[in-house]
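Examination of the molecular architecture
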Amino acid sequence: MSQSPRLAAQGMSHQDVLDQMRELRSDDARWKEGRTWSLVYHAGDDIRRLLAEAYTEFMSENGLSPLAFPSLQRFESEVLAIASELFHGEGTAGTLTSGGTESILMAVKTARDYARAERGITAPEMVLPASVHPAFQKAAHYFGVKPVNVPLGPDYRADVEATRAALNANTVLIVGSAPAYPHGVVDPIEQLAQLALDAGVLFHVDACLGGFLLPFAKKLGHDVPPFDFAVPGVSSLSADLHKYGYAAKGASLVLYRSAELRRYQFFTYADWCGGIYASPSMAGTRPGGAIAAAWAIFKYLGEEGYLRLARQVLDTARALREGIVATPGLKLVGDPRLSVFAFSSDVLDVYALGDAMEARGWKLDRQMGPPALHLMVTPAHAKVVKSFLADLRACAGGLERGEPAPEGSAALYGMLGSMPDRREAADFILQFMDSIYG
Ligand SMILES: *Cc1c(COP(=O)(O)O)cnc(C)c1O
């Protein structure tokens, strides 16, 4: 650690390189064991092997040029066609992207450029319910679209009246989530879409998280409100293949109601001395592996596979929720019915509870609105329901008896959450990033 690494004069052997990498990961999150509750969607070793092979097979290919790689072009268009059908799209058009953030960036840029061209809007705004993913704030920041943030309703869903009140002549986009990440609840998509239709603005549904879960949950008999192109007024939708699509990392998609709308996403430059340049999304080079693996997982699982995994995830999530509400002092945030949810407490310090659980090897995300711990359930968690709930009960009981929590991030979260000046909080996080990124 003391010496900063530099390129060695001589290379190492294949085996030594891999050995060193495997050693370096020894402190990484133990997602295969179901100990982490975000970041990784593990659906079994057979799927991992397939993805690894499909990815490596096309690792060198570049999706920037569909002409050079008709295979990738075919994978991409088939994945989009399958997704479009799942989301009741007719005549929809889209692209694969590197992840949910890129899909969202593209949807916001498209809305901005559409409004500029079709409505002459030069000071664009978009209306964002408080639970939307920060990628929308990032898009606002990158593309100069003013974010108009509106608070949630008491059920933690987007507040339709507050959204209506936030619209004005410069609004180019309304956003709803299906579901939103923090509380796992689906926004009132039909009502928000109607607002958008009435106001003549675009409406994006962020189904990054739920896109490849909700259609199967619905088929399994769960109560899933309409959230996709079946709803008039939905003009675009994002869905992450690398979440509940179980694809390899680096795969999401964005769909638009029409190819005319998608036009505003594309970028072309015909005057480069290097030749004609055309790029569908943010990325230039597009890793072929991610596109190939996304196609492979659709083929491998089929509807039957997705239904099986969705059932497992939803059953596991329900068992966890039941165990949590049966634990003295704990309650759910809102009324989550899907695979992602948060829990909080009126009597315990949930951040201290998070630290106590972490000392037992469970990595739970901390949330701040309201203070809560967060679970994102995947097939990897089916086997840990009992042990997780037993530890949760023990940790909550310990705190209730006044036992001190092990040292962790509780103090930090308490401090960050209560800083009245949010710029100060942002500044603190920037300093932290400087130190992390060296
Ligand atoms: C994960 C997520 C995103 C962002 O996706 P990335 O792949 O992390 O960029 C956007 N919206 C929701 C609701 C998400 O859960």
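For clarity, every value in this text was computed on a predicted model and none was experimentally measured.

How each quantity is defined
- Residues numbered from 1 in each chain as written.
- Predicted model: local features only at pLDDT ≥ 70, side-chain atom pairs only at ≥ 80, totals over all residues.
- Heavy atoms only, no water.
- Domains from an automatic or database assignment.
- Contact = heavy atoms within 4.5 Å.
- Buried area = accessible area lost by both parts, 1.4 Å probe.
- Salt bridge = Lys/Arg side-chain N within 4 Å of Asp/Glu carboxyl O.
- Helix = DSSP H or I, 4+ residues; strand = E, 2+ residues; numbered from the N terminus.
- Near = heavy atom within 4 Å.
- Polar contact = N/O pair within 3.5 Å; in protein donor to acceptor, adjacent residues only side chain to side chain.
- Areas by Shrake-Rupley, 256 points an atom, 1.4 Å probe, with all protein chains shown as cover.
- Nonpolar A, V, L, I, M, F, W, Y, C, P; charged D, E, K, R; others polar.

Quick word on the domain arrangement of the protein chain
Interfaces are frequently sized by the accessible area removed from exposure as the parts join. Each domain of the protein chain was delimited in the assignment, giving domain 1 (54-298) and domain 2 (302-423). Centre-to-centre separation of domain 1 and domain 2, based on C-alpha positions: 29 Å. Each partner contributes to the interface: domain 1 provides 21 residues, whereas domain 2 provides 27 residues. Where domain 1 abuts domain 2, roughly 2100 Å² becomes buried across the two surfaces, and 66% of that area is made up of carbon and sulfur atoms. Counting every contact that joins domain 1 to domain 2 gives one salt bridge. Counting residues per element, the ones that place at least two in the side of domain 1 that touches domain 2 are α8 (214-219) and α10 (288-325). When residues of the side of domain 1 that touches domain 2 are assigned to their parent elements, the largest contribution, four residues, is made by α8.

Some remarks on the site of the ligand
Taken together, 13 residues are adjacent to the ligand, and G100, T101, D206, H242 and K243 come closest. Contact between the ligand and D206: a nitrogen atom at 2.6 Å from a side-chain N or O atom of the residue. Against a free-state accessible area of 380 Å², the protein chains account for coverage of 85% of the ligand. Counting residues per element, the shell around the ligand draws most heavily on helix α4 (residues 100-119), at three residues. For the shell around the ligand, a count of residues per class yields five nonpolar, five polar and three charged.

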